[in-house]
Amino acid sequence: MSGRLRIAVQKSGRLAERSLAIVEAAGFRVIKGANELFYRVENAPIDLLRVRDDDIPTFVEDGVADFGIVGRNVLEEHGQGASVEIMPLGFGRCELRIAAPSAFDYRGPNSLRGLRIATSYPKTLARFLERVGVDAEIVAMRGAVEVAPRLKLAHVICDLVSTGATLEANALIAVETVMKSEAVLIRRPGVFDAELAQTAESIAQRFRGVSASQGAKYVMMNAPKASLAQISRILPGAGAPTVTPLVGSDDAVAVHAVCQESVFWETLEKLRGAGASAILVLPIEKMM
Ligand code: PRT
Ligand code: ZN
């Protein structure tokens, strides 16, 4: 493969833009050339293979691509289990759920026994039904699954839900979660040869850095020494904070910490309640 590494990404659709954005945030400059199938990275030996998301698991398993960015739902449905999930990427979040007409009296998976369930995820649904020990008929559909009950094609549906607006517009209510999904970085099975190994390692490490710094914040404040323990407990997802003396003060210190989770106004109010002042929350651009 001429020493270049391939990352399969969705060409167009819900994951396309964010997939490109994460590659660029990792410092890889993507040239969006005239070639529809490949985008070249200018400052690293990487090409982006732009395809339909359903094909990504197969391409990565067969070694046509070395890495792929794809929804875990698609990996579960179209993959053979041979590729390796390296990390979740924090976007494209949704849930594969079973939904029923609002009048349906749902009392757990047993209520699905003998029913027709429409879905674009027949394999994943079949595994779920087997796991809960329920026999039902799966009606495989390509899209517009939410209209199946109205058309009397099926009693209930199994589809991806993010905001819930589509279910609501079709008078359906989610009754069961089959799986939770988000975009994930996957790699092909097997080892990379020496030429590609370094690029592969750099991709994985930089992606980890980008995904860790998304949502992470750098928090600074002044605080009384006496409340340091309390303040450490309030800071969301932070390791041990850095504490430095303040000139001209014996009982107050400066506290710096990297918070891995969102820092809300309530957190700031709690910090102030614990005696902190001059609280600053800053975005983090890169982390390693
Ligand atoms: O052309 P290609 O095959 O590449 O794309 P596609 O049409 O198969 O997929 P696309 O672009 O629609 O979605 C790509 C991936 O985005 C999915 O595989 C999921 O991992 C993720 N994702 C996240 C979603 C949703 N949220 C989502 N809400 N994919 C689809 N939906 C649909 C859902 O099927 C339903 O029709 O949106 C509707 C529900 O949305 P809400 O907001 O009304 O609940
Ligand atoms: Zn698709």
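Quick look at the structure, then. (Residues numbered from 1 in each chain as written. Chains lettered and ligands numbered in written order. Predicted model: local features only at pLDDT ≥ 70, side-chain atom pairs only at ≥ 80, totals over all residues. Heavy atoms only, no water.)

### So, the environment of arginine 113
Rules: Secondary structure elements follow DSSP: runs of H or I no shorter than four residues count as helices, runs of E no shorter than two count as strands, and numbering proceeds from the N terminus. The contact rule is simple, with two residues in contact once any of their heavy atoms fall within 4.5 Å.
The residue arginine 113 is located in the loop between strand E7 (94–101) and strand E8 (116–119) in this model. A sequence separation of 87 residues divides arginine 113 from alanine 200, and the C-alpha atoms of the two residues are 47 Å apart. Contacts of arginine 113, omitting those with residues within four sequence positions, involve Gly133, Val134 and Asp135.

### Quick word on unusual backbone geometry
The following threshold applies: Working definition: with a 1.4 Å probe on protein chains only, accessible area under 20% of the residue-type maximum means buried, over 50% means exposed, and in between means partly exposed.
Backbone geometry at lysine 152 places phi at a positive 60 degrees, although glycine is not the residue there. When you line up the elements, lysine 152 lands in the loop between strand E9 (137–140) and strand E10 (156–161). With relative accessibility at 67%, the residue lysine 152 sits in the exposed group. Phi at alanine 171 takes a positive value of approximately 55 degrees, unusual for a residue other than glycine.

### As for the coordination of the zinc ion (ligand 2)
So the rule is basically this: Sites may look incomplete because water is not among the atoms; the donors themselves are N, O and S atoms within 2.8 Å of the metal, or within 3.2 Å for Na, K and Ca. Angular criteria define each label, namely tetrahedral for four donors with all angles between 85 and 135 degrees, square planar for four and octahedral for six donors with opposite donors over 155 degrees apart and remaining angles between 65 and 115, and irregular for whatever fails these tests.
For the zinc ion (ligand 2), the full set of protein donor atoms is Asp53 (OD) and Asp54 (OD), and the range of their distances to it is 2.0 to 2.1 Å. The site at the zinc ion (ligand 2) holds four donor atoms, and with the angles between them running 75 to 169 degrees, its shape is irregular.

### Points about the nonpolar core
The cut-off we apply is this: Nine residue types can take part in a nonpolar core, namely buried Ala, Val, Leu, Ile, Met, Phe, Trp, Tyr and Cys, and a core is a set of them joined through side-chain atoms within 4.5 Å.
In this structure, Ile7, Leu48, Ile69, Leu89 and Phe207 are the most contacted members of the largest nonpolar core, which totals 28 residues. Mapped by element, the contributors of at least two residues to this core are strand E1 (5–10), helix H1 (16–25), strand E3 (38–41), strand E4 (46–51), strand E5 (67–71), strand E12 (183–187) and helix H6 (194–213). At five residues, the largest contribution of residues to this core is made by H6. Residues Val51, Ala65, Leu115 and Tyr121 belong to the second largest nonpolar core, which totals 27 residues.

### Considerations on the side chain of glutamate 146
Put simply, the rule reads: Asp and Glu are treated as the negative residues and Lys and Arg as the positive ones, with His and the ends of the chain left uncounted. Salt bridge, as applied in this entry: a Lys or Arg side-chain nitrogen positioned within 4 Å of an Asp or Glu carboxyl oxygen.
Here glutamate 146 lies in the loop between E9 and E10. Buried charge glutamate 146 goes without a salt bridge, the closest partner of opposite sign being arginine 150 at 6.9 Å. In this structure, glutamate 146 is in contact with Ile157, Asp159, Thr166, Asn170 and Leu172, ignoring residues within four places of it in sequence.

### Describing the pattern of salt bridges
This model, assessed by the stated rule, comprises 13 salt bridges. A salt bridge links arginine 4 to aspartate 47, with the shortest nitrogen-to-oxygen separation between them at 3.1 Å. With arginine 4 in the segment before E1 and aspartate 47 in strand E4, this residue pair connects regions lying 43 residues apart in the sequence. Judged on exposure class, the residue arginine 4 and its partner aspartate 47 are both buried. A salt bridge links lysine 180 to glutamate 95; the shortest N-O distance between them is 3.5 Å. With a gap of 85 residues between them, lysine 180 in strand E11 (residues 172–181) and glutamate 95 in strand E7 connect regions that are remote in the sequence. Look at glutamate 95 and you get partly exposed, because its relative accessible area is 23%. Here the salt bridges share partners, and the residues they tie into one network are Glu95, Arg97 and Lys180.

### Brief notes about the sheet that holds strand E15 (residues 252–259)
We count it as follows: Pairing between two strands is assigned when DSSP locates at least 2 bridges connecting them. Under this scheme, a helix contributes an axis fitted over its contacting stretch, all axes are lines through C-alpha atoms, and angles between N-to-C directions fall in the 0 to 180 degree range.
Strand order in this open sheet of four strands is E14-E15-E13-E16, and the pairing throughout is antiparallel. Each of the sheet's edge strands pairs with one partner strand only, and the pair in question is strand E14 (242–245) and strand E16 (277–283). The mean inter-strand angle of the sheet, taken between neighbouring strand axes irrespective of direction, is 20 degrees. Of the pairings in the sheet, the one linking strand E13 (residues 217–224) to E16 comprises five bridges and is antiparallel in character. When the sheet's bridge partners are listed, lysine 217 is paired in E16 with proline 283.

### Some details on the packing of aromatic side chains
Cut-off, in case you're wondering: Pairing of aromatic rings covers Phe, Tyr and the six-membered ring of Trp, with a centre-to-centre limit of 6.5 Å; geometry is then stacked below 30 degrees between planes, edge-to-face above 60, and tilted otherwise. The rule for a charge over a ring is simple: NZ of Lys or CZ of Arg within 6 Å of the ring centre, and within 35 degrees of the ring normal.
Applying the stated criterion across every chain yields a total of two aromatic pairs. Where phenylalanine 67 meets phenylalanine 192, the ring centres are 5.8 Å apart and the plane angle is 15 degrees; that geometry is what we call stacked. One end of the pair, phenylalanine 67, is in strand E5; the other, phenylalanine 192, is in the loop between E12 and H6, and 125 residues separate them in sequence. Here phenylalanine 67 and phenylalanine 192 have matching classes, each one buried. Seen from their ring centres, phenylalanine 104 and tyrosine 106 are 6.5 Å apart, and the 35 degrees between their planes marks the pair as tilted. On the basis of relative accessible area, tyrosine 106 is assigned to the buried category, the value being 18%. Just above the ring of tyrosine 39 sits the side chain of arginine 50; from NZ or CZ to the centre is 4.0 Å.

### Description of the site of ligand 1
Filter applied, for reference: Whether a residue is near a molecule or strand depends on its heavy atoms: if one lies within 4 Å, it is near. Polar contacts, as used here, are pairs of N or O atoms within 3.5 Å; protein pairs need one atom able to donate a hydrogen and one able to accept it. Residues neighboring in sequence count only if both atoms are side-chain atoms. A 1.4 Å probe and the Shrake-Rupley method give the accessible areas. Residues count as covered only by the protein chains that appear here. Put plainly, a pocket is an open set of points on a 1 Å grid over the protein atoms alone with protein on both sides within 12 Å along at least five of seven lines, a cavity is a set where a 1.4 Å probe fits but cannot get out, and a lining residue has an atom within 4 Å of a point. Whether a molecule lies in a cavity or pocket depends on its atoms, and more than half of them have to be within 2 Å of the grid points.
Around ligand 1 lies a shell of 22 residues, among which Arg52, Asp54, Asn73, Thr163 and Thr166 are the nearest. At a separation of 3.4 Å, an oxygen atom of ligand 1 approaches a polar backbone atom of alanine 165. Considering ligand 1 on its own, with 840 Å² of exposed area, one finds that the protein chains cover 77% of that surface. More than half of the atoms belonging to ligand 1 lie within 2 Å of the grid points that define the largest pocket.

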